[in-house]
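Notes for the structure review
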Amino acid sequence: MVTATCPHCEGSVDLPDGATDVFTCLKCGGQFGYLPDEGEGMEAEVVPLAPDPMKDLPDDYERKVIFGFKLGATILGGIGGVFLVIFLYYICEALLFGIGLSIALSR
Ligand SMILES: [Zn+2]
């Protein structure tokens, strides 16, 4: 039995002797490839295969970018809404003016 250190969560994972394969950490579910110690200075090597599940959480920078997008969308949405109301107001004014004009002209 060989004990490898999970590259994702630093937990120890028991592996069969001489196994060169892809293993899944029981603690964090992360996958890693394991190359056993082959002697002649070749040390056993653990290769992370799947991204660290913890890294799936947005980091500080990503949170700021997401926040920026949300803020921008909210501001743009607000401005767009105000413009829409103004636009509709002027359309109504134009319609009322047109109706008034046509009534005045029909007399
Ligand atoms: Zn792990």
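As shown above, the structure is provided for reference.
Residues numbered from 1 in each chain as written. Predicted model: local features only at pLDDT ≥ 70, side-chain atom pairs only at ≥ 80, totals over all residues.

Quick notes on the sheet that holds strand β3 (residues 21-24)
Across the sheet, three strands lie side by side as β3-β4-β5; this open sheet has antiparallel pairing. With one partner strand each, in any of the chains shown, β3 and β5 (45-48) form the two edges of the open sheet. The mean angle between the axes of side-by-side strands here comes to 35 degrees, regardless of whether they run parallel or antiparallel. Where strand β4 (residues 31-35) lies against β5, four bridges are found, and the strand directions are antiparallel. Bridge assignment links leucine 35 to a residue of β5, and that residue is glutamate 45. (Pairing = 2+ DSSP bridges. Helix = DSSP H or I, 4+ residues; strand = E, 2+ residues; numbered from the N terminus. Axes fitted to C-alpha atoms, helices over the stretch in contact; angles between N-to-C directions.)

Regarding the nonpolar core
In this structure, Ala4, Cys6, Val13, Cys25 and Phe32 together form the largest nonpolar core, which totals five residues. The residues touching phenylalanine 32, leaving out its near neighbours within four places in the chain, are Cys6, Pro7, Phe23, Cys25, Val46, Val47, Pro48 and Leu49. (Core = buried A, V, L, I, M, F, W, Y, C linked by C-beta atoms within 7 Å. Buried ≥ 20, exposed ≤ 12 C-beta atoms within 10 Å, placed from the backbone. Contact = placed C-beta atoms within 7 Å.)

A word on the pairing of strand β1 (residues 2-5)
Of the pairings in the sheet, the one linking β1 to strand β2 (residues 12-15) comprises four bridges and is antiparallel in character. Paired with valine 2 across the strands is leucine 15, a residue of β2. Linking β1 to β2, which pair antiparallel, is a turn of six residues; within it glutamate 10 sits at a positive phi near 65 degrees.

A short note on helix α1 (residues 60-106)
Relative to the 69 Å expected for 47 residues at 1.5 Å per residue, α1 spans 68 Å between its end C-alpha atoms, a close match to the ideal helical length. Little of α1 is tucked away: zero of the 47 residues are buried. (Expected span 1.5 Å × (residues − 1).)

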